[in-house]
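Read off the chains here:
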Amino acid sequence: MTNHDKELLLQFGQDLPEDRRRRFHHIYMARRKDVTPAVLFALFLGGVGAHHFYLGHTLIGVLFVLFFWTFIPALIALVEAIFMSLTIKGRNKQIAQNVLSEVELIG
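These numbers come from a predicted model, not from an experiment. The residue count restarts for each chain, going from 1 along the sequence in the order it is written. Selection of residues for local features in this predicted model requires a pLDDT of at least 70, selection of side-chain atom pairs for listing and counting requires 80 or more, and totals for whole chains, interfaces and linings are taken over all residues. The basis for the side-chain values is all heavy atoms of the structure; hydrogens and waters are excluded.

Asker: Can you walk me through the overall build of the chain in this structure?
Answerer: Secondary structure elements follow DSSP: runs of H or I no shorter than four residues count as helices, runs of E no shorter than two count as strands, and numbering proceeds from the N terminus. Within the chain, the secondary structure is distributed over seven helices and zero strands. For the chain, the succession of helices and strands along the chain, N to C, is α-α-α-α-α-α-α. With respect to the principal axes defined by its C-alpha atoms, the chain has extents near 50 × 25 × 15 Å. Taking contacts inside the chain between residues at least 6 apart in sequence as the whole, the part at least 24 apart equals 59%. Working definition of accessibility: Shrake-Rupley area with a 1.4 Å probe, residue cover restricted to the visible protein chains. Summing over all exposed atoms, the chain offers an accessible surface of approximately 6800 Å²; the carbon and sulfur share of this is 66%. Charge counting treats Lys and Arg as positive and Asp and Glu as negative, with His and both chain ends excluded. Lys charges are placed at NZ, Arg charges at CZ, Asp charges at CG and Glu charges at CD. Both charge centroids of the chain, one from 11 positive and one from 9 negative side chains, sit 2 Å from each other. Contacts are assigned to residue pairs that have any heavy atoms within 4.5 Å of one another.

Rendered as structure tokens:
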């Protein structure tokens, strides 16, 4: 668990009762994305959009697959690999917000 994960768990889970906090923590940890696989996917399979499929951006991944023969997606993937940490932080924050709303809705 990264420091960013700990910050998100504190930020989103602090006002929840203990049982909901545990549920939030469990679901968030199962859905969160990790930087290392995303960077490796972008570097080695970025030309076919593997990192986008990993992040749940299916449409962009399909576009990468359709245009992989131009090598443009591979170049874009190299740039995206550099900024992957920021992308993952934003994605994990979205995931935490979605999990929080699910936990509050379920009760």
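Asker: Got a minute to help me understand helix α1 (residues 3-13) in this structure?
Answerer: Residues spaced three or four apart along an α-helix face the same direction, because each turn holds 3.6 residues. Accessibility here uses a 1.4 Å probe with only protein chains present; expressed as a share of the type maximum, an area under 20% marks a residue as buried, one over 50% as exposed, and anything in between as partly exposed. Turning to α1, its buried residues number three or more, namely Asp5, Leu8, Leu9, Phe12 and Gly13. The buried side chains of α1 occupy one side of the element, clustering within an arc of 100° when seen end-on. Away from its buried face, by an angle of more than 90 degrees, α1 presents the exposed residues Asn3, Glu7 and Leu10. In this fold, the buried residues of α1 make contact with α2 (18-31) and α7 (84-106). The arc in question is traced by the directions running from the helix axis to the C-beta atoms.

Asker: Looking at this model, I keep getting lost on the environment of Asp5. Mind explaining?
Answerer: In this fold, Asp5 is placed in helix α1. Exposure remark for Asp5: the relative accessible area of 1% places this residue in the buried category. Sequence separation between Asp5 and Tyr28 is 23 residues, and the spatial gap between their C-alpha atoms is 9.1 Å. Excluding residues within four positions of it along the chain, Asp5 makes contact with Tyr28, Arg32 and Asn92.

Asker: So what exactly am I meant to see when it comes to the packing of α1 against α7 here?
Answerer: Angle between the axes and distance between the axes: these two values describe a pair of packed helices. In contact at an axis separation of 10 Å, α1 and α7 are set at 30° when each is read in the N-to-C sense. It follows from the interaxial angle that α1 and α7 lie roughly parallel. As α1 packs across α7, the resulting crossing turns out to be right-handed. Facing His4, Asp5, Leu8, Gln11 and Phe12 of α1, the residues of α7 in contact are Lys89, Asn92, Lys93, Ala96, Gln97 and Leu100. Under the scheme applied here, ten amino acids are nonpolar (Ala, Val, Leu, Ile, Met, Phe, Trp, Tyr, Cys and Pro), four are charged (Asp, Glu, Lys and Arg), and all others, including Gly, are polar. Looking at the contact of α1 with α7, its residues break down into four nonpolar, four polar and three charged. Here an angle of 0 to 180 degrees is reported between the N-to-C directions of two axes, which are lines fitted to C-alpha atoms, with helices fitted over the stretch in contact. An angle below 35 degrees is read as roughly parallel, one above 145 as roughly antiparallel, one from 65 to 115 as roughly perpendicular, and any other as oblique. By convention, the crossing between two helices is left-handed when the near helix turns anticlockwise from the far helix through less than a right angle, and right-handed when the turn is clockwise.

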